[in-house]
Amino acid sequence: MEYEIIRSGRRTLTLQIKGGRVIVRAPFSVSEKQIADFVSKNSGWIEKHLEKAVQSSTQKLTETELAELYEKARTYIPQRAAYYAPLVGVSCGRISIRCQRTKWGSCSGKGNLNFNCLLMLAPPEVIDSVVVHELCHLKHMDHSERFYAEVLRVLPDYRSRYKWLRDNGAEIMNRL
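The following refers to the structure shown. In this text the structure is predicted, and so the values were computed from the model without any measurement.

Parameters and conventions
Residues numbered from 1 in each chain as written. Predicted model: local features only at pLDDT ≥ 70, side-chain atom pairs only at ≥ 80, totals over all residues. Heavy atoms only, no water. Helix = DSSP H or I, 4+ residues; strand = E, 2+ residues; numbered from the N terminus. Rg over C-alpha atoms; globule rule 2.2 N^0.38 Å. Buried < 20%, exposed > 50% of the residue type's maximum accessible area, 1.4 Å probe, protein only. Contact = heavy atoms within 4.5 Å. Core = buried A, V, L, I, M, F, W, Y, C linked by side-chain atoms within 4.5 Å. Pairing = 2+ DSSP bridges. Axes fitted to C-alpha atoms, helices over the stretch in contact; angles between N-to-C directions. Phe/Tyr/Trp six-rings, centres within 6.5 Å; stacked < 30°, edge-to-face > 60°. Lys NZ or Arg CZ within 6 Å of the ring centre and 35° of its normal. Arc of directions from axis to C-beta.

**Some thoughts on the overall build of the protein**
- From N to C terminus, the protein includes 6 helices and 6 strands.
- Walking the protein from its N terminus toward its C terminus, one meets helices and strands in the order β-β-β-α-α-α-β-β-β-α-α-α.
- In terms of C-alpha radius of gyration, the protein reaches 17 Å, essentially the compact-globule figure of 16 Å for 176 residues.
- Seen through its C-alpha atoms, the protein measures out along the principal axes to roughly 45 × 40 × 25 Å.
- Taking all 176 residues of the protein together, 40% fall into the buried category.
- Here the contacts in the protein between residues at least 6 apart in sequence split such that 53% fall between residues at least 24 apart.

In structure tokens:
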């Protein structure tokens, strides 16, 4: 199986299907053999998503549709963050809405949250899972066991919500 390797200062290996290509994002410290083993171990996932990418004739969003999603997100997502912040036990700084090709959300060290306007194409419970995920980063700026314990405390069914995003998110991102 052919794949492209993009190395960076990241800590983990990840796979991405983009434009019918398999991309492996890898830390500088990971060997070629470790990458090949990772790709081999995940070959089922790769084949499933490559097939999905080929079958999907995803219709691109127009500028008008993107603007509408952006406006909806500017209203909806801060409301959801305001609802969940007390449940998480945090208060957040500025909330920004962006149109991104790779991330659903992010959290800065200053406590500011960023969300992708494309989230508005996901079910409400999935949007909530991304909001809670980012709010929990205000307590734990990592993906440690403590972080996930906090996420699961607030959303016990987080894993099924995340699975929906993992299974369907690429198709949404491909609409850009």
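**Quick look at the nonpolar core**
- One finds Ile77, Trp104, Phe115, Leu118, Val131 and Leu135 to be the most contacted residues of the largest nonpolar core, which totals 36 residues.
- Mapped onto this core, the elements with two or more residues apiece are helix H3 (63–88), strand E6 (113–116), helix H4 (124–137), helix H5 (145–154) and helix H6 (158–173).
- No other element matches H3, which puts 8 residues into this core.
- Beyond its immediate chain neighbours, meaning those up to four positions away, Ile77 contacts Ile97, Phe115, Asn116, Leu119, Met120, Ile127 and Val131.

**Let's talk about the sheet that holds strand E2 (residues 14–18)**
- Across the sheet, which stays open at both edges, the 3 strands sit in the order E1-E3-E2 with mixed pairing between neighbours. A single partner strand is all that each edge strand has here, and the edge strands are strand E1 (4–8) and E2. Across this sheet, the average inter-strand angle for adjacent strands is 25 degrees, counted without regard to direction.
- In terms of strand pairing, E1 meets strand E3 (residues 21–27) through 5 bridges, oriented parallel. If you follow Glu4 over to E3, its bridge partner there is Ile23.

**Some words on the packing of aromatic side chains**
- Across all of its chains, the model carries 4 aromatic pairs by this definition.
- On the numbers, 4.9 Å between centres and 80 degrees between planes, the contact of Phe147 with Tyr148 is edge-to-face.
- By relative accessible area, Tyr148 is classed as partly exposed at 29%.
- Put simply, the rings of Phe147, Tyr148, Tyr158 and Tyr162 touch in pairs and so form one group of aromatic residues.
- Geometry around Tyr83 places Arg80 over its ring, the cationic atom sitting 5.0 Å from the centre.

**Some details on the sheet that holds strand E4 (residues 95–98)**
- With mixed pairing, 3 strands are arranged side by side in an open sheet as E4-E6-E5. Only two strands of the sheet have a single partner each, and these edge strands are E4 and strand E5 (105–107). For this sheet, the mean angle separating the axes of adjacent strands, direction not counted, is 15 degrees.
- Where E4 lies against E6, 4 bridges are found, and the strand directions are parallel. If you follow Ile95 over to E6, its bridge partner there is Leu113.
- On top of the sheet, H3 reaches E4 and E6; it is set at about 145 degrees to E4, its chief contact.

**Some points on H5**
- Those residues of H5 that sit buried are Phe147, Glu150, Val151 and Val154. One face of H5 carries all of its buried residues, which in axial projection span an arc of 100 degrees. More than 90 degrees from the buried face of H5, the exposed residues found are Glu145 and Arg146.
- Here the buried face of H5 lies against H3, H4 and H6.

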